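Summary of the model geometry
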Amino acid sequence: MNRALTTALIGIGTAQLMKIPWHYAASRQWDWSQVIQTGGMPSSHSSGVSALATYIAMKRGVSAIDFAVSSVFGAVVMYDAMGIRRAAGEIAVEVNDLDEQVERLAKQQPGIYHARRRKALKERLGHLPREVLGGALLGIAVGACSYLLEKK
């Protein structure tokens, strides 16, 4: 069994499961589909890469090459979650709103035809910085627990 891989996957799974109560706290509605959704609190990407880096740091030390690789990989993943993926989600919000605006204009102007898209673009793609931080802290805890439990 690859303990480092298992640790990262547990970090991802734990974060995805935690999205259900976080969503309930914010909306007062249980939404079990949160388990498979992107975005939201906490970031499962951040949790997975942080769990991996923490486990490797505790197992092999911070001077190990695999810790360096996992840390750089983690930084790229977290930056991407807050940057490009979040920006893509914000663009999707605007495009979805634009479709509604064009539809309203088409109703006001006879002769203008507008075919509404069958499916709206997915808007929740990336993360707010606090969601990435929450995922990273969760991942650190998962990685440390994995290492400490391995020692028993």
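Definitions and limits used
Residues numbered from 1 in each chain as written. Predicted model: local features only at pLDDT ≥ 70, side-chain atom pairs only at ≥ 80, totals over all residues. Heavy atoms only, no water. Axes fitted to C-alpha atoms, helices over the stretch in contact; angles between N-to-C directions. Helix = DSSP H or I, 4+ residues; strand = E, 2+ residues; numbered from the N terminus. Parallel < 35°, antiparallel > 145°, perpendicular 65-115°, else oblique. Left-handed = near helix turned anticlockwise from the far one by under 90°. Contact = heavy atoms within 4.5 Å. Nonpolar A, V, L, I, M, F, W, Y, C, P; charged D, E, K, R; others polar. Core = buried A, V, L, I, M, F, W, Y, C linked by side-chain atoms within 4.5 Å. Buried < 20%, exposed > 50% of the residue type's maximum accessible area, 1.4 Å probe, protein only. Phe/Tyr/Trp six-rings, centres within 6.5 Å; stacked < 30°, edge-to-face > 60°.

By the naming in an unreviewed UniProt entry, the protein chain is Divergent PAP2 family protein, taken from Paenibacillus alba.

What follows concerns the packing of helix H1 (residues 3-27) against helix H2 (residues 44-60). Across the interface, H1 lies against H2 with an axial gap of 8 Å and an inter-helix angle of 150°. By the angle between their directions, the pair H1 and H2 is classed as roughly antiparallel. As for how H1 packs across H2, the hand of that crossing is right-handed. Facing H1, whose interface residues are Arg-3, Ala-4, Thr-7, Ala-8, Gly-11, Ile-12, Ala-15, Gln-16 and Lys-19, H2 presents Ser-44, Ser-47, Gly-48, Ala-51, Leu-52 and Tyr-55. Here the contact of H1 with H2 is composed, by residue class, of seven nonpolar, six polar and two charged.

Glancing now at the nonpolar core. Buried together is how nonpolar side chains tend to be arranged in soluble globular proteins. One finds Ala-4, Ala-8, Leu-52, Ala-53, Tyr-55, Ile-56, Phe-67 and Tyr-147 forming the largest nonpolar core, which totals eight residues. For this core, the secondary-structure elements that each account for two or more residues are H1 and H2. If sequence neighbours within four positions are ignored, Ala-53 has contacts with Phe-67, Ser-70 and Ser-71. Counting residues in hydrophobic clusters, the runner-up holds six residues, among them Val-49, Met-78, Ala-81 and Val-132.

Per the stated rule, a full pass over the model turns up two aromatic pairs. A ring pair is formed by Tyr-24 and Trp-30, whose centres lie 4.2 Å apart and whose planes are at 15°; its orientation type is stacked. For Tyr-24, a relative accessible area of 26% corresponds to the partly exposed category. Judged by centre distance (5.7 Å) and plane angle (10°), the rings of Trp-30 and Trp-32 are stacked. By way of ring pairs, the aromatic residues Tyr-24, Trp-30 and Trp-32 are connected into one cluster.

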